[in-house]
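This is what each chain is made of:
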Amino acid sequence: MELTGAEIAIRCLQEEGVEYIFGYPGGAVLHIYDALFQQDKVKHILVRHEQAAIHAADGYARSSEKVGVALVTSGPGITNAVTGIATAYMDSTPMVVISGQVPSYAIGEDAFQEVDAVGITRPCVKHNFLIKDVKDIAPTIKKAFYLAKSGRPGPVLVDIPKDISNHKTEFIYPGSVSIRSYNPVGKGDSAQIKRAVQLLLEAKRPMIYSGGGVVLSGASAQLTELVRVLGFPCTSTLMGLGAFPASDKQFVGMPGMHGTYEACMAMQYCDVLLAVGARFDDRVVGNVEHFAQVPRKIIHIDIDPSSIAKRVKVDVPVVGDLKLVLEQLLSELRSSKQMPDASDLAAWWKQVDEWRVKGGGLRYKNSTEIIKPQFVIEKLYEITGGDAFVTSDVGQHQMWAAQYYKFNKPRRWINSGGLGTMGFGLPAAMGVQLINPGATVACVTGEGSIQMNIQELSTCKQFHLPIKVVSLNNRYLGMVRQWQEFFHGNRYSESYMDALPDFVKLAEAYGHIGIRIDKPSDVEPALKEAFARKNDLVFMDFQTDPTENVFPMVPGGKGLSEVILSEDL
Amino acid sequence: MRHIISLLMENEAGALSRVAGLFSARGYNIESLAVAPTEDPTLSRMTIVTSGSDAVIEQINKQLNKLIDVAAVMDLSEGEHLERELMLVKVRAVGAAREELKRVTNIFHGRVIDESESTCTIELTDTCAKLDSFLHSIDRDMILETVRTGASGIGRGERVLKL
Ligand SMILES: Cc1ncc(C[n+]2csc(CCOP(=O)(O)OP(=O)(O)O)c2C)c(N)n1
Ligand SMILES: [Mg+2]
C-alpha cells in the first residue's frame, strides 16, 4: 500500500520505537501533524516554544539512552529551534529533528516562512538532510537515527518540503544502514592500550579526568572499576558528573573554573593524566600555555579523533568507544599482573589530601538571616536522598548545583555545559520527567534563566509533569554580576533583574503551586512539603543572598594553579 | 606551512558548503579549493591548499574526516605528489610587446588560445609557484584578467586516494 510522505515519517518513528516527540505545528508540517493525529503509538508533547521542544527532547535523551525527537515547522519554527539544536550539538546529545520546509517548487523564491534550514543549522548539527523525493524519506530517517546515536552522538536534522510530505510511495523501512563515508570506531588500538597501561603503571602522580563521553557511552561502570583498581584520584567535568560517584573518597570534585582546589592542583601537578571522554575545554584547563608549563604525560581516550590534541599535546591518543576501550584497559591491566607503586601513590594522595585541607572543601558562610544558595542545594540533596534527576539552567545556581549536589549515578545531572544556554532547565526537565515517570525531577534555576522559557509551565500543566522548580532568586543575573564585581570594578551594568514577577502568583496562574521562601529556617520545610507533593509541580521561589559568589574560581585566561579561594578576596 | 590536501566526498548538494563552512567557522586558511566529480559520478574529488602550524593542519585533517559526506582525506604534502593549476591570462599587447609576451609564454610552455587586435589570451598549466612567476615575468600593467582554477593534486606512483 502506498503511504504519504507524512505517514511514512511517522511510521519511521514507530519503527524506531519512539514513544514521545516534542513539537509545535505550522503550515509546512500540517500533513505530518495529520498523520500523527491518525495513530496513537507516537505521542506528541505540545510545547509553547520550539526552543523548548528541542531542550525537552534533549533532556529526554540525556536521562535515558534514547534518541530525542522533535518536530517543528519551517521558517520561525526552525529558527526558534536553532538554540536548542546548538545546545544539543555542543553536548553531543543524540537527537533527530524533523522540520517542515516550504513546498519544493517554492524553495528559493522567498516563499512565506521559507528559511534555508539546512544552511542555518549546518554548523550546529552532526549532519542534516533536505528531502527531495518521497522515496528518500524512510532511508533518510533511518540514516538520521543511526548518525544521531552512533560514534560521537549529535543532533541530525531532516528537512521535509510540504509537497513531498503529501506525495505517495510504498513504505519500506530499511533493516540496516551503511554509509560508506562514515565508519565510527569501536575498540581502541591494542598497541596504544598497552602504551597507556605502561604509563599508568609507571605514574608517580597519576590523575584520572573523566568527561561527558563516559556518560554518553554508558561506560560509568567501567570507569568506576578502573579508578578503584588503580586507586588514583578521579576528577570529573561538569558534563561527566555522576559517571564516577561523587561521594567516593577517590573523587576530588570538578576541575576548572569553579572546580575544587584539589582537583585544579592535581590536574596541574600530576605526572600522568588519563583523560576519558573529556575535551580539555577552556573552562576546564583555563590557560593552555600555563597548563603546558608543568611536564606531564597525557593519555587521551575519545571516540572523536578531532577532540584529541585539539587544545593540549597528547602522548598516547586512543580512539574508540570508551566503554570498549576501558574494558580493554582493564583486561590489559589485569594481564600485566602489575600495580602502580604503592608508596609513590601514597605520597601523591598525601599531597592531594593536603590540597583538600588547604582548599577547605566546598564551603560557604551559612547565615540565619539570609538564605545562602548553597544551603538550599545541600538541603535539596538531603531531602531527595541524592537520587533525583536534577536539570539546571545557566549561571551561579548551575555551579552551586554541580558543586553541592553529589551525583552518584550517571544521567542524573542534566545541564547545558557546552553552549551554556539559559532557558534549558525547565523544558529539559519535561523530557526527563516523561521518560522517567514517577522519578523525582528537580529543576535548579535562577530568576533570570527561568524567565527564558517560563511559558513551559503551561506544557507541564497539560501533561501533568510534577517537576519541582528550585529557583534561587538573587534578583541578579548573578554570574554576570559576579564577573562585574571581580573584573569590572563593581559596575553592575544591566545585571539587576528589575520588575520581577510574583513567581508564586505566576505559578498559580499556570495552575501550579508556588511557594516563596524568605528565611533560612523555612528552606527545609518548604523543600519537604514540595517534594511530598508527588503529583504537583511546585515552584519554589527562594529569596537568596544577592551578594553570594561562586568559589573557588579560576578567572578566565588564568592557569589552574591560580585558582582563587573565597578568602583570597 | 603550506599544505595541499586531497579528499573524496559524496557528490551531493551541500557537500561543498560543508567543507567551505568548516574552514570559515574554525578560522582555517584556504588558499584555493578545486572540486569536480570523478569517474564515479557519485564521488567528487577536492583539492584544498591551506596553511597553518602542524597542530592546525592536524585539526583540519581530523575535522574534514569528521564530516559525514567526506569519504577519504589525504594530506598530499606528507609524501611525494604532483600539483597542477590551470591559468588563463588575458593581456593587452600589440607589436613588440606581443612578440615579447609570446616569447615568455614559450619559455613557460604556455599556449596562446585567443588573439584579437589588441589582446592576447594565454593558457598555462603548471605548479602554483610557476604560474606566479609567469605573472611576475610579464608587464603587470598589461594584464586585463587572470583566471586561476586553484591547484589540483595527486600522489606520485602508488600513492592513491581511492575508496
Ligand atoms: C541565552 C543566554 N543569554 C545570556 C547568557 C549569559 N549569562 C550567563 S549566566 C547569566 C545570568 C543568569 O542569571 P540567573 O538565571 O538569575 O542565574 P544566577 O547566575 O543569578 O544564579 C547570563 C546572563 C547565557 N548564558 N545564555
Ligand atoms: Mg539570578
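Residues numbered from 1 in each chain as written. Chains lettered and ligands numbered in written order. Predicted model: local features only at pLDDT ≥ 70, side-chain atom pairs only at ≥ 80, totals over all residues. Heavy atoms only, no water.

(A) Quick peek at the overall build of chain B. Counting its secondary structure elements, chain B contains four helices and nine strands. Helices (α) and strands (β) of chain B occur, in sequence order from the N terminus, as β-α-β-β-α-β-β-α-β-β-α-β-β. Its C-alpha atoms give chain B principal-axis dimensions of about 55 × 35 × 35 Å. Carbon and sulfur atoms make up 52% of the accessible area of chain B, which amounts to about 8,500 Å² in all. (Helix = DSSP H or I, 4+ residues; strand = E, 2+ residues; numbered from the N terminus. Areas by Shrake-Rupley, 256 points an atom, 1.4 Å probe, with all protein chains shown as cover.)

(B) Just the sheet that holds strand E9 (residues 206-210) of chain A, in detail. All names here are of chain A. Read from one edge of the open sheet, five strands run E10-E9-E11-E12-E13, paired in parallel fashion. Edge positions in the sheet fall to strand E10 (234-236) and strand E13 (316-319), since each has one partner strand and no second. Between one strand axis and the next, the sheet turns by 15° as a mean value, whatever way the strands run. Note that strand E11 (residues 272-276) and strand E12 (residues 297-302) share five bridges and pair parallel. Residue pairing across strands places Val276 opposite Ile301, the latter belonging to E12. Along the sheet face, helix H10 (residues 261-269) touches E9, E10 and E11 and points at about 115° away from the line of E9. (Pairing = 2+ DSSP bridges. Axes fitted to C-alpha atoms, helices over the stretch in contact; angles between N-to-C directions. Contact = heavy atoms within 4.5 Å.)

(C) Spatial organisation of the confidence of the model for chain B. Mean pLDDT over chain B: 97, with 100% of residues reaching 70 or higher. Interface confidence for the predicted complex, expressed as ipTM, amounts to 0.95; the pTM equals 0.97. (pLDDT = per-residue confidence, 0-100.)

(D) Up close: the packing of helix H3 (residues 50-62) of chain A against helix H17 (residues 425-435) of chain A. Residue and element names in this part refer to chain A. Between H3 and H17, whose axes approach to 6 Å, the crossing angle comes to 45°. With respect to H17, the element H3 is oriented oblique. H3 and H17 meet at a crossing whose hand is right-handed. Across the interface between the two elements, Ala52, His55, Ala56, Gly59 and Tyr60 of H3 pack against Pro427, Ala428, Met430, Gly431, Val432 and Ile435 of H17. The class makeup of the residues in the contact of H3 with H17 is eight nonpolar, three polar and no charged. (Parallel < 35°, antiparallel > 145°, perpendicular 65-115°, else oblique. Left-handed = near helix turned anticlockwise from the far one by under 90°. Nonpolar A, V, L, I, M, F, W, Y, C, P; charged D, E, K, R; others polar.)

(E) Local environment of the domain arrangement of chain A. All names here are of chain A. Taken domain by domain, chain A holds domain 1 (2-170), domain 2 (190-359) and domain 3 (373-557). The C-alpha-based centres of domain 2 and domain 3 are spaced at 30 Å. The interface is formed by 23 residues belonging to domain 2 together with 24 residues belonging to domain 3. Together domain 2 and domain 3 conceal approximately 1,800 Å² of surface at their shared face, both sides included; 63% is due to carbon and sulfur atoms. On the domain 2 side of the contact with domain 3, Leu238, Met257 and His258 bury the most area, a combined 36% of that side's loss. (Domains from an automatic or database assignment. Buried area = accessible area lost by both parts, 1.4 Å probe.)

(F) Inspection of empty space enclosed by the protein at higher detail. Residues and elements named next belong to chain A. A complete count under the given rule lists one cavity of 30 Å³ or more for this structure. Space inside the largest cavity adds up to approximately 70 Å³. What lines the largest cavity is Gly359, Gly361, Leu362, Arg363, Phe551, Pro552, Leu565 and Ser566. Within the lining of the largest cavity, the residues separate by chemical class into four nonpolar, three polar and one charged. (1 Å grid on protein atoms, 1.4 Å probe; cavity = no way out; pocket = protein on both sides within 12 Å on 5 of 7 lines; lining within 4 Å. Points joined across faces, edges and corners; volume = space filled by probe spheres on them.)

(G) Broad picture of the site of ligand 1. Residues and elements named next belong to chain A. Inspection of the region around ligand 1 gives 17 residues, with Gln396, Gly420, Ser449, Tyr476 and Gly478 positioned closest. In this structure, His397 approaches ligand 1 through a side-chain N or O atom, which is 2.9 Å from an oxygen atom. Here Asn474 contributes a side-chain N or O atom positioned 2.9 Å from an oxygen atom of ligand 1. Protein chains bury 76% of the 590 Å² of accessible surface belonging to ligand 1 in isolation. Counting only elements with at least two residues in the shell around ligand 1, the list comes to helix H16 (396-404) and helix H19 (478-487). Per-element accounting of the shell around ligand 1 gives the leading share, three residues, to H19. Along the lines of polarity and charge, the residues of the shell around ligand 1 split into seven nonpolar, nine polar and one charged. (Near = heavy atom within 4 Å. Polar contact = N/O pair within 3.5 Å; in protein donor to acceptor, adjacent residues only side chain to side chain.)

(H) Seen up close, the layout of surface pockets. Of the volumes computed, that of the second largest pocket is approximately 1,200 Å³. In this structure, the second largest pocket is lined by 43 residues; those nearest its centre are Tyr89, Asp304 and Ser306 of chain A together with Gln63 and Lys66 of chain B. Elements represented by at least two residues in the lining of the second largest pocket include exactly helix H4 (76-90) of chain A together with helix H1 (15-25), helix H2 (54-66) and strand E4 (70-75) of chain B. Taken together, the residues of the lining of the second largest pocket sort by class into 20 nonpolar, eleven polar and twelve charged.

(I) A look at the pattern of salt bridges. Residue and element names in this part refer to chain A. Throughout the structure, instances matching the rule amount to 39 salt bridges over all chains. The closest approach of N and O atoms between Lys350 and Glu354, which form a salt bridge, is 3.7 Å. Of this pair, Lys350 and Glu354 both sit in helix H14 (residues 342-359), four residues apart, which is roughly one turn of that helix. Classification of Lys350 by relative accessible area gives exposed; the value is 55%. Owing to a relative accessible area of 43%, Glu354 belongs among the partly exposed residues under this scheme. (Salt bridge = Lys/Arg side-chain N within 4 Å of Asp/Glu carboxyl O. Buried < 20%, exposed > 50% of the residue type's maximum accessible area, 1.4 Å probe, protein only.)

(J) Representation of the interface of chain B and chain A in the model. Between chain B and chain A, the residue contacts involve 18 residues of the former and 17 residues of the latter. Summed over both partners, the interface of chain B with chain A buries about 1,500 Å², with 47% contributed by carbon and sulfur atoms. Interface area lost by chain B to chain A is led by Arg18, Lys66 and Ile68 of chain B, which between them contribute 44%. The interface formed by chain B and chain A contains three salt bridges. Between Lys66 of chain B and Asp304 of chain A there is a salt bridge; the shortest N-O distance is 2.8 Å. Secondary-structure elements contributing two or more residues to the side of chain B that touches chain A are H1, H2 and E4 of chain B. Partitioned by chemical class, the residues of the side of chain B that touches chain A number six nonpolar, five polar and seven charged.

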